[in-house]
Structures are given as C-alpha cells and as structure tokens.
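Fold and geometry: a report
One-letter residues, chain by chain:
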Amino acid sequence: MSALTTLERACAEVAAPGTDPGVLAALLAWSVLPRRTPDALRRQVRDDPTLTPSTLAGTPEELRRRVVAGLGRAALLSGAQAADAVVAAWRDREVRVAVLGDPAYPDRLAEGWPQLDPPVLLAVRGRTQLDTPAVAIVGSRRPSGYGTAIAAWLAEAAGAAGVRVVSGGALGIDAAAHRAALAVGGRTDVVLGCGHAVAYPRGHAAPGGLFAQLLGAGGVLVSELLPWEPPRPGPIRARNRIVAGLTDVVVVVEGGARSGALLTAGAAAERGRTVLAVPGDVRAPGSVAPHRLLAEGADPCTGPDDLLAVVQAASCPMTAPTSCAGPGTVSDPPHAGAAAAVVSVLPAPLHAELARRWPRPARIDDLAAACELPVGPLLAALTRARVAGELAEDADGVRLRRQPGGRPRPGAGPGA
Amino acid sequence: MSGLARLHAVALVGLEPHRVRIECARTTGLPGLRLVGLPDAAVREAADRVRTAIEHRGFTWPQERLVINLAPADLPKVGSSFDLPLALVVLAASGQLPAAALGGLWAAGELGLDGSLRSVAGLLPAASGAQRFGARRLMVPACAAAEAALVPGLSVLPAHDLRDAAQLLVGARAPRPVEARPPVSAPDGPDLAEVRGQLLARRAVELAAAGGHHLLLSGPPGCGKTMLAQRLHGLLPPLPPAAALEVAAIHSLAGERDPDRPLSLVPPLREPHHGASLAALIGGGSGVPRPGELSLAHHGLLLLDELLETPRHVLDALRQPLERGFVVLSRARARVTYPARVQLVAATNPCPCGHLGSPVRGCNCRPDRVERYRARLSGPLLDRLDLHVEVPPVDRAQLLGPADGEPTAVVARRVQRARAAAAGRWGPGALVARADPAQVRATARPAAVRCLVAALDRLSGSARGVDRALRVARTIADLDACDHIEVAHVEEALAYRLPMVGASP
C-alpha cells in the first residue's frame, strides 16, 4: 500500500492540472506490468460500464479500489516501483500527463469514447492548450520536391493565420510542414509514435533538432505511450488517430498505397473531420494515397485558402466569436502580400523561371538551360538567394520558398 | 688465394633504395656456396639458379667453397634481382672474368636456368637508386633496358644472357646503345563532348581538374558518374617528367609496368572495385608491404565508385593519406613510405536503391536507412572532398539528342590556364587544392570572406569549412582569370556542398 502512496506523491508532479494523482498512480501501476499496452488499458477501462470518462475523473477511490483489487498485492508492489521510474522519466522532461475526461485532456480528442478509442493517458510535453484551431498536414516520408513544397506552402499559411499545424513528426512531408510553420512563427505539435524518452526520428529529437525548435516556439509533443516505449509499427499507426483527433481538418499531401496518411484520413473521417487531399502527378508513386482519397470523396486541396476555409467553418460554430479572429482572414493570407513586397535577390530571368515552375522544384541543369546562364553565375545567384532565405532545396532541385507574388494560383498550369 | 670479387646492387625496402655490396671469396673447405647477409627465400634460391645458369652457358662452377656476403648484413634483401650480380661475382671470383671488369659496375636481373636474363619488378626504382648512389654503369636484362634507361645520367648495359654479359664486360662486344625513347602523352581518351546535359557536373569536373580538388558525384545508377570521372582524367595536363618517373617507379615496383614501354606522361587513373580490401587499396602484404591502389594512383586520379558500399574501415583508412599525400605502412619487419598524392573522385548513389529523388521511379528505401546510408559519408572524409555535386538522371530526349557539350580540348585549355595562374602565384606545380589555407585567404577580398562566413553560418549553423570553400573559390577565380577571390566566386563555391538529408532547409 505504501508503495502506491509514494507513487501517488510522485504522480502529483507530473499530473496535468485537474488530474487526480491517485487515479494516475493506479493506472500507471497497472500499465507498467508486462504485456500491458495503451490498448489493453483502454479495454480495461471501457469494459467496465462504471468507468466512463466522467466517472474516471469523478471517482478516483472507486478506480483505485478496482485496480488494487484486480492486481493483487505483490504485482501492485512491483508495478508501483516500476511506475516510479516512468514518472521520473516524465518529470525530467517536464511532461504533464492527463487522464481521459480530465479538464486538461482535449475535449475533441475525447469525442466518441469508447467506440473511437481515444487514449486513456495522454502525456504532453510543453504547456499549451490543445483546443485551439488546428490542421493536420500528413504524408509520405519519401516526398517529392513538389510534395515538400506544397506541405510547406500550406503549413506556412496555417502558421501565419494562427492555426496549429499537427502531424506525426516523421521525416518528409511532416517535417516540411513543421519547419514551414515554425519559420513564420506558427505553433506546431507532434504526436509521437514512441515514448517521450526515446529519440525518434533521431535527427528530429537531437538537441537543437525539430522537436526542440517546436517546443521553444510554444508547440507540444504528445504521446500515449510510457516514456521508454520504442517506435513499433503498431503504436506508430495508432498515433495517427490522435493526430486526427486533435485537429479540425486533415490534409494528405503525398503518400503511397500503404501510407500512414491513409490511416489518419480514415480516423478523421470516423470523427467527422474534413479530409482534404492534394492532387499530384498521376505518374508519381506518392500520388496514390491522395488520389484514392479524392476518389472516395475527399475534397481537393488546391491551396491554403481551401484549408483555412474549412478550419474557420469548423471552429466558429463551437467556439466564442472572439476566437474566430484566430484562424485569420482567409481572403487575405499575409504570406502572399509579404512575398510580393520583397524584392528578390535573384536575377529577373532566373526568378521568373523559378516562379513559373513553382511549386515544382527545378534542377540546376534545367535552370541553366532555360535561362541560358552559365552554371557558375547561376550557382552564385542561387547561393545568394539561399542565404537570403528565398530558396529551398529538395532531393530533386531548388524552388522558391514562398509562393511567388503576382501569380494567382498554382494548378492552373505547370505542364511539366 | 686471391679470388675476392666485388659488385654493387640495390636492395629496395618499399621504394627506398639501399646500396648493397656483394662480395664473393673462395675459401678452403668442401665445395659449395654459402650466402650470408639476411637473404630471403628468393635470394637463397638464387644459388641454385646461378649455378645451373653458369654451367649452362659454358662456364664452370668452381670446385671450391664460395662465401658470398651481401653487405650491409643487417638489411633484409628480397627478390630475384640479385641473380645477375651473384653470377657475376662468382665468375669473377673463380677467375672466369677479370676482377677489374666489375669495377664500378652495378647489376640487377633474374636468371633463368639456361642463363637467360629476365626483368624484375622494381627495376626502375632500383636503377634510379643506383644512379643516386653514384653508379656509372648498370647492367640489366636487355628486355628491361628501356625502363632502366629512363633514369637520366646512367649508362645502361643491356645483356641477353650470362654469356652476353661476360662478353660485354671483357670488351669482346660493344654495348648496344639504348636509345632514349621520347615520353608519350595524351592518349585518346573519351571526350567531354560526348556528355549530354549535366551542365552542373561538367562545371564541377572542370573545377576539379583546374584546382586538383577531390570530387564527390552523387546520383542514381546510369546517370553518368563514371563517365564524368573518366573525362576528368582527360582534362588533366601531362605530368612533368620527374613526376612521371615517380609514377613509373611505383608501377614498376608493383609489377604493373611493361618495362619495354616508354615513359608515359599521362597521369595514372585507377579504378579499384568497391570490394577491394584495405591492403589492396592503401598497400600491404606480408614481409615488406607492397604499394596499393592509392599509391599506384600517385599524381593521378583514384576513382572510387559506390563509395558508400566501401566498408567503413577502408574509408577511414583513406583519410590520413589523402591529407598527407603519402602512406606509411608499418610492419614488424619493415616500415615503408609510399607516395600517395592522389586526386580522389568518388561516386555514390543517393540512397541504397539509388532512385531517391527520381521523378518517376520510386525509391524503396526506408527513410532512416537513407539517413544512415548518408551518415556514413559525413564527418572527416566528407570534409576532405572539396566539391560535392548531385548528378541528375539524364532524360531520354537528351540521350537521343545531339552531343552538344564543349569538347575536352577546349576545357583542357582553360584548365591549363587556371593551373598556370596558380603556379605563377605559388611556384611551379602548385595546386589550389594543396595550397596553404592562409595563402589562399590572403588572395581573397575581405568582403568575400565576410560573405562566406555569414553564408556558412546561415546555411549550416557553423563556420566549418571556410577554408575548403575558399579553396574552391580560388579555383573559380583562377578560371575567371581574377587575381582576387570576389564575392561571386565564394557564392558559387558554396553551392558545391551536398545538402544533407535532415538538415534544415
């Protein structure tokens, strides 16, 4: 018994505001035992009709009694000790843990309990509300330059409009979206496929990496797993439903036939969220997922306006009118005006060529041929533009980082 | 008992020649031959070859005890090049040759059982060693006379067999003069004009040729990385004769040189397979280590295809020689230094399957594998490769279109001019890639250096690689015929850095 009391005291340090440390302690003592998964915990809670989310928060004594009774003394003791290490790992990273039904637990994620399986425990690193307007930008880990460009374009507009950009924090499309949102000072959140104490993807979790940057910019890292859980296919797929649950709209940019982005889109549809898909090159392997979604009835996403319109429609009816200012003035995205006002450091023909191709990246050879510039001066100009932040580099070439001003919309024609 | 005969030969430890004095004396005792002075197995076997050869060519084997000393006695002697000198001292000691005929004579060559003479590996470094030790006359197998004659200031006595050798020495026959054949240069290699498109890669190849920079080409299979590397070889100017002789000496030592060929001024091009072992690449072997591909490419190009398939420990072993320009191989029995001043051209796929970044062909590699694949490149080895270029796949239209590129001859002229500019600044033979960083920096405009540091800081978050970028900028300036490194040169130089996966865009 005393082990559980000690654990309770430790839990008080990681419990989110409004979460009962006793409940958390009991759930943890149960969860850390061998072969217990978030899924098993969910079933355990779900199968007892008395433990709906509200009673979960309301009657800690009842829950504690049940968990303790179900565990047996020895198991409880070892569970409490193991849970201590878990709590310490969270505490070291300033993670706060909320239980389903608590005030700190985002309402929209709790929707649909128990059929939609929201996580019972939600470990959140970084302290920000998760109930503000948000968009999920998800896609392939092996994007084309086009996909990266579109993801960045959408995320930039969302970030500038004060809409959170949420995704799984993977390489590729996810990372492009997060980085673009950060670049315009937007907030961006990641739902991890592993525990908080595991560095995955390694580059993002490294000191100074993407995760550190987004935490510094007021974003959060979310995980339903215990801190030392490694990234395994099951939990990685399962986190996609959290991505969908935390957002108002899901945009799928690129993905293969078996992409996790399809799971996110499916979870979003189940929750009644809008799913948008970005049309791509019909020959490209990364266009399979968005095109399938379009065929199944998803709306095409042809630019930031489509996205922001959905966000605004989704957030206005349920929130106070004042917060409507959050999603921004859709008709006038600030990025377009800003880009048009800045004078480019690129020579005019080169800028024109890049603008013509945008958002598709261009290879240096093609640029040299199209602009009839020698390679040397061309490279010098491109470096100048990279330093000035005008240019982004992908696996298949360079492109303008921002949508070029004075050009209405993409999709109207880059035939290449 | 007079019967003491003397002769000189050269023992090689690696490329380093050592003077060996061979003395033969007749003593009392049972007939036989005793060899002293650290001969190895091949030298000890020489006794049998020498005896048979002597008898086969109509001489007689003395019915006395012979002692042959190879001095200095503490230097290990390796190989079959001592056959001819041993036979000659035996003949002189037994009175079949006048001892005076061996005065000031050096000799090298292997004997057959019938007394014929054969060439040996390492004859060229041995000959140039002999010349340095003050030898005037060097007797060599006739088939290798051309090789020995490459050494200036050495009179070469070519002999077909042992009888021929004796006749030459007693003056019964005048030596055939060995005509010094003019060195050859400029092979008709593949031409740069055949490369379609690839403007960026062509520029990088030109810079690499002009400045001697190490080059890394990254691109999918079939985009022409190897083709470009071979054309880089065609852009290199011919070697000065002294350098060509160094190259020939290493190839002679490795037994890779036809001794009958004239001196080649073409820089060597070596293309070891990526499965090559560490010993094959940097040199090694039992006893005295032999030169590896790295040394065989001395003053030339070392082309490493599939750089990332090369085992990590082999890549790591390349680092130090690339930096220092020579390889030191230390073994229990010998410590050998081989020159290895190579220009490295490395080619690699962008990911394990090779199709990353292809617009139509999907890449099957898991992203973390790609990252790990590329991470193998990062760090110290990458820092030594000045130029990184991505080579895109060539599309079909271009492949079928006309060959529209500049021919090798035109580009080579520009390369020559740029090299001449560097040589004019820092002395003959100077290459930008090997210039002292402070010297390079001294030729840069302050504004260019400021721009470089700021840009590096902005793009990679650190000022690492300033000197590397400045070297490339120096070469660009040389191609532009500018005395100072300007801002535009620095900006172009910065473009030759591979964007690393996962780096912030």
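Residues numbered from 1 in each chain as written. Chains lettered and ligands numbered in written order. Predicted model: local features only at pLDDT ≥ 70, side-chain atom pairs only at ≥ 80, totals over all residues. Heavy atoms only, no water.

1. Focus on the packing of aromatic side chains
Cut-off, in case you're wondering: Between the rings of Phe, Tyr and Trp (Trp by its six-membered ring), a pair exists once the centres lie within 6.5 Å; its type follows the angle of the planes, with under 30 degrees stacked, over 60 edge-to-face, and the other angles tilted. A run of H or I in DSSP becomes a helix once it reaches four residues, and a run of E becomes a strand once it reaches two; helices and strands are each numbered from the N terminus. Working rule: Lys NZ or Arg CZ, within 6 Å of ring centre, within 35 degrees of ring normal, means a charge sits over the ring.
As enumerated under the stated definition, the model contains two aromatic pairs over all chains in all. Ring geometry for Trp153(A) versus Trp358(A): centroids 5.0 Å apart, planes at 85°, classification edge-to-face. Residue Trp153(A) is located in helix α8 (residues 145-160), and its partner Trp358(A) is located in the loop between α17 (348-357) and α18 (364-371); the two are separated by 205 residues in the primary sequence. Over the ring of Phe59(B) we find Arg163(B); its NZ or CZ atom is 4.2 Å from the centre of that ring.

2. A few points about the sheet that holds strand β4 (residues 164-167) of chain A
Within a sheet, neighbouring strands are paired by backbone hydrogen bonds and run either parallel or antiparallel to one another. Residues and elements named next belong to chain A. Heads up, the rule is: Note: two strands are recorded as paired if DSSP finds a minimum of 2 bridges between them.
Spatially, nine strands are ordered β1-β2-β6-β5-β4-β3-β7-β8-β9 in an open sheet, and the strand pairing comes out mixed. Both edges of this open sheet fall to β1 (95-99) and β9 (299-300), since each of them pairs with a single strand only. Across three bridges, strand β3 (residues 134-138) lies against β4 in parallel orientation. From the neighbouring strand, alanine 134 faces β4, where its bridge partner is arginine 164.

3. Describing the environment of Ala448(B)
All names here are of chain B. As a reminder, the rule being used: Whether a residue is buried, partly exposed or exposed follows from its accessible area with a 1.4 Å probe, protein chains only, as a fraction of its type maximum: under 20%, in between, or over 50%, in that order.
Inspection of the secondary structure assignment puts alanine 448 in helix α17 (residues 446-460). Take alanine 448: its relative accessible area is 0%, and that puts it in the buried class. Remark: the alpha-carbon pair of alanine 448 and valine 487, spanning 39 residues in sequence, is separated by 4.3 Å.

4. Concerning the packing of α18(A) against helix α19 (residues 375-387) of chain A
Helix-helix packing: each pair is described by the crossing angle between the helix axes and the interaxial distance. Residue and element names in this part refer to chain A. We apply this condition: Between N-to-C directions, angles cover 0 to 180 degrees, with each direction set by a line fitted to C-alpha atoms, over the stretch in contact for helices. Note that the term roughly parallel is reserved for angles under 35 degrees, roughly antiparallel for angles over 145, roughly perpendicular for angles of 65 to 115, and oblique for everything else. Two helices cross in a left-handed way if the nearer one is turned anticlockwise from the farther one by less than a right angle. They cross in a right-handed way if the turn is clockwise. For this analysis, residues touch if any pair of their heavy atoms sits within 4.5 Å. Classes in brief: Ala, Val, Leu, Ile, Met, Phe, Trp, Tyr, Cys and Pro nonpolar; Asp, Glu, Lys and Arg charged; the others, Gly included, polar.
Orientation of α18 relative to α19, taken along the N-to-C sense of each, is 115°, at an axis distance of 10 Å. Relative to α19, the element α18 is oriented roughly perpendicular. As α18 runs across α19, the sense of the crossing is right-handed. Only Val375, Leu378, Leu379 and Leu382 of α19 make contact with α18, whose side of the interface consists of Ile364, Leu367 and Ala368. When grouped by side-chain class, the residues that make up the contact of α18 with α19 number seven nonpolar, no polar and no charged.

5. Focus on the pairing of β3(A)
Residues and elements named next belong to chain A. Applicable threshold: Note on handedness: a clockwise path from strand one over the helix to strand two, with the strands aimed away from the viewer, defines a right-handed crossover.
With five of five residues buried, β3 lies mostly within the body of the structure. Burial along β3 is two-sided: Ala134, Ala136 and Val138 and Val135 and Ile137, pointing in opposite directions, are all buried. Handedness of the β-α-β unit built from β3, α8 and β4 comes out right-handed. For β3 and strand β7 (residues 249-252), the ladder comprises four bridges, and the chain directions are parallel. Following the sheet pairing, alanine 136 is matched in β7 by valine 250.

6. Some details on the interface of chain B and chain A
Which entries qualify depends on this criterion: As used here, buried area is the combined drop in accessible area, with a 1.4 Å probe, of two parts when they are placed together. Salt bridge criterion: a side-chain nitrogen from Lys or Arg within 4 Å of a carboxyl oxygen from Asp or Glu. Two N or O atoms form a polar contact when they lie within 3.5 Å of each other; inside protein one atom must be a possible hydrogen donor and the other a possible acceptor, and for residues adjacent in sequence the pair counts only when both atoms belong to side chains.
Contacts between chain B and chain A engage 30 residues on the former and 26 residues on the latter. Interface of chain B and chain A: buried area, both sides summed, is about 2,600 Å²; carbon and sulfur atoms make up 61% of it. Joining chain B to chain A, the criterion identifies one salt bridge. The closest approach of N and O atoms between Arg384(A) and Glu491(B), which form a salt bridge, is 2.9 Å. For the interface between chain B and chain A, the tally reads six residue pairs in polar contact (both at pLDDT 80 or more). When residues of the side of chain B that touches chain A are traced back to their parent elements, those giving at least two are α6 (199-211), α12 (367-375), α17 and α19 (487-494) of chain B. Per-element tally for the side of chain B that touches chain A: the top contributor is α19(B), with four residues.

7. Details of the confidence of the model for chain B
All names here are of chain B. Counted only if it meets this: Scored from 0 to 100, pLDDT records how confident the predictor is in each individual residue.
Residue-level pLDDT values for chain B average 87, and 95% of them are 70 or greater. For the stretch residues 500-505, pLDDT sits under 50, and the model shows seven contacts to residues farther than four places along the chain or on other chains. With a pTM of 0.79, the predicted complex shows an ipTM of 0.83.

8. A word on unusual backbone geometry
The amide bond that connects Tyr200(A) to the next residue, Pro201(A), takes the cis arrangement and shows omega of -10°. Inspection of the secondary structure assignment puts Pro201(A) in the loop between β5 (188-191) and α10 (202-205). Going from Ala71(B) to Pro72(B), the amide bond is cis rather than trans, its omega being 0°. Examined against the element boundaries, Pro72(B) turns out to sit in the loop between β4 (65-71) and α2 (83-93). Of note in the backbone geometry, Glu94(A) takes a positive phi value of approximately 55° without being a glycine. Even without being glycine, Glu372(A) reaches a positive phi, approximately 55°. Looking at where Glu372(A) falls in the secondary structure, it is placed in the loop between α18 and α19.

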